[in-house]
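Chain residues, written in single-letter form:
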Amino acid sequence: MNDRNRAWFRHRIFMWSAVFIFVCQTVTVELMAQPPLDRQVLFNRLDKLISNGIEQGVLVGAQAAVGSTSDTPKTKSYGVIEPQSTLAVNDETQFCIGSCSKPIAAACIMTLRDSGQLRFEQPIDKWITEASLWKLENGQSLTRAPNMKELLTHRAGIYSQKAKPMTARQARAIRDFELSLEDSVKMIQQQKLISQPGEKYAYSGAGYCLAGYVAEKVTSKGFEDLLQERLCSPLGMKHTTYFPDSKQSANIACPGARGRNGTLITHQGSPHLLGKKLRFPLIGGSLYTTASDTGLFASMILNHGKSLRKQVLSREAWQFMTSRQYPRQRYGLGWGLMIRNGQTTALQHSGALLGYRGLIHIDLENNRYAVVYWTLSDVKDPRGKEFSRALQQAVRG
């Protein structure tokens, strides 16, 4: 090959290389500019389900957020804040999230373990002295008082609102929002335990009230203040509280109910409608928040306890909180665990209080979360349960 041919050959190689680099760069930019397909597909599925629920009159309003640690979350709001209202739900509309409060409350309490203020294996009679005197339903004495780990995993022996119908006093202890948390705990203490602490699983909202009360005793702070200090402020969760101010903000969602003549009206049992009479933070069941705020919490969990601002939970605390605590029990420290080959792949909790509903799903394996909050038009409408089942299926893929 002569010099002229060599020069031509080098020029052709240079030109093809430049084209190849340009194409690669273009494809890379396009791929980086698009959200991961699985999150987009999930969001589209949720969007279709929720939109249909609004159109069919099953839902009053809703919020959805889908995100990860690597991209901007996709959020959308639907419907109106309450029946017969013209005010649209927006990104800052607060929803009462029922038992979706539990993982958030548990994470708040976990920070006390991180700071060395609370050992989860310590019996709670250190702070609630009467706990050592509690009795079982059969009249037997306790071998010891429950501990924080047992309260958060529903193995403390405290009565369950799901196992059998509650007595009027048991129901009042976790549903009368004019009580204080201390009032609630005094009533819960008067109930017999259904098992020895640690012996068996029984889902208990009352147990979470005890957990929150112990946290108050440990820190000498109200649980609301503790939540704001330990979680909401570090994570930037500006719309999360047990005590929304209904006078200063009309942007609070309410579920529906059927009036005497069958028309759809606003459910009057929503805690925030009590105004200044609202005193009771139902620790595992009455938090008000938004899907976007909860997305900040979910992103912190996906990022092993770290937010953009700081390490909220230590790596060890994160590992503890996302691990199975008892053999064959899939409910951990504040949420349900999805486990494969001994590893936790996802975390989830649903929520229901009156006509409020919620779902938090955190996919650790695929770096993805989905948060949906909604209000039902009529809790007696069977289509509400059908919607919940369809949503669960869509989130799990």
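Below is a summary of the structure that appears in this document. (Residues numbered from 1 in each chain as written. Predicted model: local features only at pLDDT ≥ 70, side-chain atom pairs only at ≥ 80, totals over all residues. Heavy atoms only, no water.)

**Notes on the pattern of salt bridges**
If the charged atoms of two oppositely charged side chains come close together, the side chains can form a pair. Taken as a whole and judged by the stated rule, the model has 14 salt bridges. For the salt bridge of Arg 113 with Glu 316, the shortest nitrogen-to-oxygen distance reads 2.9 Å. Remark: Glu 316 occurs in helix H10 (residues 315–321) and Arg 113 occurs in helix H3 (residues 101–114); sequence separation between them is 203 residues. Assessed through its relative accessible area of 22%, Arg 113 is described here as partly exposed. A salt bridge links Arg 279 to Asp 183; the shortest N-O distance between them is 3.8 Å. Of this pair, Arg 279 sits in the loop between strand S5 (264–266) and strand S6 (288–289) while Asp 183 sits in helix H6 (residues 181–189), and the two are 96 residues apart along the sequence. Owing to a relative accessible area of 43%, Arg 279 belongs among the partly exposed residues under this scheme. By relative accessible area, Asp 183 is classed as partly exposed at 26%. (Salt bridge = Lys/Arg side-chain N within 4 Å of Asp/Glu carboxyl O. Helix = DSSP H or I, 4+ residues; strand = E, 2+ residues; numbered from the N terminus. Buried < 20%, exposed > 50% of the residue type's maximum accessible area, 1.4 Å probe, protein only.)

**A few points about the nonpolar core**
Among the nonpolar cores identified, the biggest contains 92 residues, and Ile 158, Leu 231 and Phe 297 are the most heavily contacted of them. Ranked by residues supplied to this core, first place goes to helix H7 (residues 205–219) with 9 residues. Not counting chain neighbours up to four residues away, the residues in contact with Leu 231 comprise Ile 104, Ala 107, Cys 108, Leu 226, Phe 297, Met 300 and Val 312. (Core = buried A, V, L, I, M, F, W, Y, C linked by side-chain atoms within 4.5 Å. Contact = heavy atoms within 4.5 Å.)

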